[in-house]
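# Understanding the architecture of this molecule
What follows is the residue order along each chain.
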Amino acid sequence: MRTLIIRIIFTAAIVLALCSTALANNASAPDALGIAGTGNANAVGNGTALAMPELPPEPVPDAALNAALDRMVRETLAEVSGLAEDRVHVALIDLADPEAPRSAHFHGDEPVYPASVVKMFYMGYVYHLADRGEIEITPELRKQLTQMIRPSSNVATGKIVDTWSDTHEESLMQPDEFREFSEKRNACNRWLQGVLSIEDVNANQKTWGGTIPDAERQFLSGGQFGGPWVNRNSMTALSAARYLQLLAQDRLASPQSCDAMRTLMQRNVAEQPYQRRRIAGGAPEGAKVYSKTGTTSDTFHDAGIIRLPDGHTFVLVTLVTGTGNRGNFIPELTRRVSDHLVTESK
């Protein structure tokens, strides 16, 4: 009888130890922005286990914050001659309480061509695949990621897209070839929608600064070469803001990968003077900004995470469409939003 009791106690101790270890492994540390999260272990592609964070709470639309954002957008528009309301698309997520984020937007639910802002989705997908053991972040790949995000190289972006999609066609494709090409190119979209639950984004096209090969033009037109570009990249300000919320809270990928991505996106106007007309140019002194810009003849965008000197973190996405004057709309709106959130929290 005594032997049986000892065996029962010994077995219980082992079970307790195993449970404690499992609980410890499932608890994630706070991210680099000081916003804690919880995670769970999932199997990955190479058969190992990886702590994959659960999605944080969806931001709740806040009427008072939306009224304040509407006022701030219109006040800023009044300072920029010729910039109409319908050219501006803004989304704001306040992460003062990470477990109860608030949101507001100004035309933020309307789809817009993202220009180079789309590259932040491609960066995230690469790190997702790396976390799963499906690709390796080699020095060459890290160099391409850096070129894609910082100077926003379209050549580097093309190489990154080829890396995760394994698509290299340049000539017109037959129907079977086109279907296979489309399936591969929509992998990033499937990740955004199926894993991150982010809708209203189409991220499957390379970005171009020169001649577009026939195969890419065929894909842009949905298979009908020479037709309208119905398959162009697109996103809403709200969908981009939710994506950046996940990055801010270490839920886009592993905490280590999220830290690496924020490092790539870190902005400093002293080192990057052209950022003065973007979010970094309007952030208060001592704030940290992690953002991705996008610029074409008819787009002037920035999408970023801002951590104020007191630790208050928020996401701001500002997309300006159309040609003409853009002035300092983005930095001035950033300044107003920062001031409002600081005042509101006192």
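Relevant structure appears above.
The paragraphs below set out a description of the structure included in this document. (Residues numbered from 1 in each chain as written. Predicted model: local features only at pLDDT ≥ 70, side-chain atom pairs only at ≥ 80, totals over all residues. Heavy atoms only, no water.)

### Considerations on helix H2 (residues 63-77)
Quick reminder: α-helices carry 3.6 residues per turn. Residues three or four places apart thus point the same way. For H2, with 15 residues, the first-to-last C-alpha span of 21 Å sits near the 21 Å given by 1.5 Å per residue. Looking at the buried positions of H2, the neighbouring elements they touch are strand S4 (88-94), strand S5 (102-106) and helix H12 (329-345). Of the residues flanking the start of H2, the one acting as N-cap is Asp62, its side-chain oxygen 3.1 Å from the backbone nitrogen of Ala64. (Helix = DSSP H or I, 4+ residues; strand = E, 2+ residues; numbered from the N terminus. Expected span 1.5 Å × (residues − 1). Contact = heavy atoms within 4.5 Å. Polar contact = N/O pair within 3.5 Å; in protein donor to acceptor, adjacent residues only side chain to side chain.)

### Thoughts on the side chain of Asn66
For Asn66, the position within the fold is in helix H2. Discounting residues that sit within four places of it in the chain, Asn66 has contacts with Ala104 and His105.

### Some words on the pairing of strand S11 (residues 313-321)
With 9 of 9 residues buried, S11 lies mostly within the body of the structure. Where burial is concerned, the two faces of S11 agree: the one with Thr313, Val315, Val317, Leu319 and Thr321 and the one with Phe314, Leu316, Thr318 and Val320 are both buried. Here 7 bridges tie S4 to S11, and the two strands are oriented antiparallel to one another. Across the sheet, residue Leu92 finds its bridge partner in S11, namely Leu316. Between strand S10 (residues 299-307) and S11, which pair antiparallel in sequence order, lie 5 residues; one of them, Gly311, sits at a positive phi of approximately 95°. (Buried < 20%, exposed > 50% of the residue type's maximum accessible area, 1.4 Å probe, protein only. Pairing = 2+ DSSP bridges.)

### Quick word on the environment of Gly286
Topologically, Gly286 is positioned in the loop between helix H11 (279-282) and strand S9 (288-296). Measuring from C-alpha to C-alpha, the distance between Gly286 and Pro309 comes to 5.4 Å, with 23 residues separating the pair along the chain.

### Here we look at the packing of helix H3 (residues 119-131) against helix H7 (residues 187-195)
One can describe the packing of H3 onto H7 by two numbers: an axis separation of 10 Å at closest approach and a directional angle of 85°. When the axis of H3 is compared with that of H7, the two are roughly perpendicular. Residues Phe121, Tyr122, Gly124, Tyr125 and His128 of H3 pack against Ala187, Cys188, Trp191 and Leu192 of H7. Its residues assigned to classes, the contact of H3 with H7 shows 7 nonpolar, 2 polar and no charged. (Axes fitted to C-alpha atoms, helices over the stretch in contact; angles between N-to-C directions. Parallel < 35°, antiparallel > 145°, perpendicular 65-115°, else oblique. Nonpolar A, V, L, I, M, F, W, Y, C, P; charged D, E, K, R; others polar.)

### Describing the packing of H3 against helix H4 (residues 139-149)
Put simply, H3 and H4 touch, their axes get as near as 10 Å, and they point 160° apart. Judged on the interaxial angle alone, H4 and H3 are roughly antiparallel. In the crossing of H3 with H4, the sense of the turn from one axis to the other is left-handed. Contacts between H3 and H4 pair Lys119, Met120, Tyr122, Met123, Val126 and Tyr127 from the former with Leu141, Leu145, Met148 and Ile149 from the latter. Split into classes, the residues belonging to the contact of H3 with H4 amount to 9 nonpolar, no polar and 1 charged. (Left-handed = near helix turned anticlockwise from the far one by under 90°.)

### What to know about the packing of aromatic side chains
Counted under the stated rule, the structure contains 7 aromatic pairs. Between the aromatic rings of Phe181 and Phe219, the centroid separation amounts to 5.1 Å while the plane-to-plane angle is 75°, which identifies the pairing as edge-to-face. Highlighted residues: Phe181 in helix H6 (residues 175-185) and Phe219 in helix H8 (residues 214-220), separated in sequence by 38 residues. Phe219 sits in the buried class, given a relative accessible area of 1%. (Phe/Tyr/Trp six-rings, centres within 6.5 Å; stacked < 30°, edge-to-face > 60°.)

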